[in-house]
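# Commentary on secondary and tertiary structure
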Amino acid sequence: QVQLVESGGGLVQAGGSLRLSCAASGRTFGSYNMGWFRQAPGKEREFVAAINWSGGATTYRESLKGRFTISRDNAKNMVSLQMNSLKPEDTAVYYCAASRVWDGTWWMTRSYDYWGLGTQVTVSS
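Owing to the predicted nature of the structure, the values given are computational and were not obtained by experimental measurement. (Residues numbered from 1 in each chain as written. Predicted model: local features only at pLDDT ≥ 70, side-chain atom pairs only at ≥ 80, totals over all residues. Heavy atoms only, no water.)

### Details of the overall build of the chain
Rule in force here: Here a helix means four or more residues in a row that DSSP labels H or I, a strand means two or more in a row labelled E, and each is numbered from the N terminus. We compute the radius of gyration from the C-alpha atoms alone; for a globule the expected value is 2.2 Å times N to the 0.38, where N is the number of residues. Here's how the labels work: a residue is buried when its accessible area is under 20% of the maximum for its type, exposed when over 50%, partly exposed in between, all with a 1.4 Å probe on protein chains only. In what follows, residue pairs with any heavy atoms lying within 4.5 Å of each other are defined as contacts. The Shrake-Rupley method, run with a 1.4 Å probe sphere, supplies the accessible areas, and residue values consider only the shown protein chains as cover.
In terms of helices and strands, the chain carries 0 helices and 11 strands. Overall, the chain shows an N-to-C arrangement of helices and strands of β-β-β-β-β-β-β-β-β-β-β. Compactness check: the chain gives a C-alpha radius of gyration of 13 Å against a globular reference of 14 Å for 125 residues, within 12% of the reference. The principal-axis extents of the C-alpha atoms in the chain amount to approximately 40 × 25 × 25 Å. Here the chain holds 125 residues, and the buried ones make up 43% of them. Within the chain, contacts between residues at least 6 apart in sequence are counted, and of these 59% link residues at least 24 apart. Surface exposure of the chain reaches about 6,400 Å², of which carbon and sulfur atoms provide 49%.

### Describing the side chain of Asn77
Where we set the bar: In protein, a polar contact means a hydrogen-donor-capable atom and an acceptor-capable atom, both N or O and within 3.5 Å, with residues adjacent in sequence counting only if both atoms are side-chain atoms; elsewhere, any N or O pair within 3.5 Å suffices.
You can see Asn77 is positioned in the loop between strand E7 (68–73) and strand E8 (78–83). Polar contacts involving the side chain of Asn77 include one to the main-chain carbonyl oxygen of Gly26, which spans 3.0 Å. Those residues in contact with Asn77 that sit more than four places away from it in its chain are Cys22, Ala23, Ala24, Ser25, Gly26 and Phe29.

Note that every value here comes from positions in space, so none of it alone points to a role or purpose.
Written out as structure tokens, the structure reads:
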């Protein structure tokens, strides 16, 4: 069982940066692959980035490469998402999620077993 709590969201101007954090409970955090998703009003939840259990492999939504960086610290049971050069279209609720698999399906919500409640990111123009 893993419980996830996101933080770090807020209001930022276009071009600014935010760093989201996801704190995980449980002694098995280091065995889970982690992902970030986002959901804008009226839209489906979409994949943002994922990182494998060791931090040795990452993958990103193609359109976000170069602006977003996912990282993790297993000693602190934490996964982070650094977001730079933010745009109004990045406005969404951002969720972190935990998965037992790393098989190329990281972009699918059904691959994840546990979810946080999300943190709101609003980018003003």
